[in-house]
Structure formats: structure tokens, C-alpha cells
Amino acid sequence: MLHSGGRYAVKDQESARESIEENRILRKIAPGLIEENGGMFVGITDEDVEYGHTLSEGCAECGIPTKRLTPEEAFRLEPNLNPDTKLVLMVPDGSFDAMRLPLRFFATAKKNGAVLKPFTEVIGMLRSGDTITGVRVLDHRNMQEYDIHADIVINACGPWSGRV
């Protein structure tokens, strides 16, 4: 799911701004991977309609574009909406296959000279004084350890970063 941040625009504007910024970045760096299916906030009651105005203002404050649809327009997109629908706000949510994004990055990196090392675990850092000059790795396919020297080392191993 590619969130627009609309769901946070009233009560957590910091998260809303972060979400729409990430949304825009992913659309820029991964064109063609995003399914433009949008998100709908649907109001059925008069209270929902009143909140819809608050939501629209919150989205505007956070830089999240909204588009108000008539119920008829919304029913053409989503025929099974509640027939009592009074208000529909569209936000730029989307979706994408989460595996296609890293595969695209890997393909681009490889095209530009990177050597990919799947099944290879960083088990230590190589140092020259206080400078990291590479990594010690373990290739799990053949259980061989070896060094990889580098000008720059980035620890991008997410939840395992404390182990490296």
C-alpha cells in the first residue's frame, strides 16, 4: 500500500506529511510500479460529511491533494458503495508489488557496475584507524569468509543493523 497520509491528516499531521512525501518520492523514483487506484474517504451520515470538511482542510495543510467526487462519480468507480453515500474524498493512495521495487533497484545497480552478493552476510567491519575500509563477509552458499574493500560502507540492514 502506498499511503497518501490522508488518514493521518487531522490527528497526526507529522505522519501525514511524511506519508505524502514518501508517496511522491516513490512515484518519482519508481514510475510504472505504482497502481493508481486512489483511496476514498466515504461519508454516509451528516456527521461524516462535517468531518469530511475537517479532513479536507487537514489534507490541504499537509500538502495532500484531495478531490471531492459526487456520489454518482464514486459509484462508477466503486459500484458497491453504500447507497446512502453523501460525501467522497479521493486521495492519492496507491499500491505496488513490494518485491518489484528492490528488484528494479538491483537491476539498475547491476547495470551501473554493482556486484550483487545474495546469501552473503556481513560479519565484521574492516578498519584503518577510525575509518571503515570494507567488510568481512560470510557466503552462506559455500560457508567461505572473505573481505570486500570499499571507499564507502553503508549499513542498510534494517532490524539487523545492531548486529553489524
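The notes below deal with the structure included here.

**Looking at a nonpolar patch on the surface**
(1) Moving on: A cluster of nonpolar residues, Ile25, Ile29, Met99, Leu103, Phe105, Phe106 and Leu116, forms a patch on the protein surface that exposes about 660 Å² of accessible area.
(2) Moving on: When contributions to the nonpolar patch are tallied by element, the ones reaching two or more residues are helix H1 (13-29) and helix H4 (100-111).
(3) Moving on: With 3 residues, the top contributor of residues to the nonpolar patch is H4.
(4) Moving on: Structurally, Leu116 is set in the loop between H4 and strand E4 (120-128).
(5) Moving on: Overall, Leu116 belongs to the partly exposed group, its relative accessible area being 41%.

**Details of a negative patch on the surface**
(1) Moving on: On the surface, Asp12, Glu14, Glu18, Glu21 and Glu22 cluster together to form a negatively charged patch.
(2) Moving on: Position of Glu14 among the secondary structure elements: in helix H1.
(3) Moving on: Under the relative-accessibility criterion, Glu14 is labelled exposed at 56%.

**With respect to H1**
(1) Moving on: An ideal rise of 1.5 Å per residue puts 24 Å on 17 residues; H1 measures up with 24 Å between its terminal C-alpha atoms.
(2) Moving on: For H1, the complete set of buried residues consists of Ala16, Ser19, Ile20, Asn23 and Leu26. Down the axis of H1, the buried set is contained in an arc of 125 degrees. They therefore lie on one face. When the buried face of H1 is taken as reference, the exposed residues oriented beyond 90 degrees from it are Glu14 and Lys28.
(3) Moving on: For H1, the elements touching its buried residues are helix H2 (46-62) and H4.

Definitions and limits used
- Residues numbered from 1 in each chain as written.
- Predicted model: local features only at pLDDT ≥ 70, side-chain atom pairs only at ≥ 80, totals over all residues.
- Heavy atoms only, no water.
- Patch = residues over 30% accessible without salt bridge, like charges linked within 9 Å, V, L, I, M, F, W, Y side chains within 5 Å.
- Areas by Shrake-Rupley, 256 points an atom, 1.4 Å probe, with all protein chains shown as cover.
- Salt bridge = Lys/Arg side-chain N within 4 Å of Asp/Glu carboxyl O.
- Helix = DSSP H or I, 4+ residues; strand = E, 2+ residues; numbered from the N terminus.
- Buried < 20%, exposed > 50% of the residue type's maximum accessible area, 1.4 Å probe, protein only.
- Lys, Arg positive; Asp, Glu negative; His and termini not counted.
- Charge placed at Lys NZ, Arg CZ, Asp CG, Glu CD.
- Expected span 1.5 Å × (residues − 1).
- Arc of directions from axis to C-beta.
- Contact = heavy atoms within 4.5 Å.

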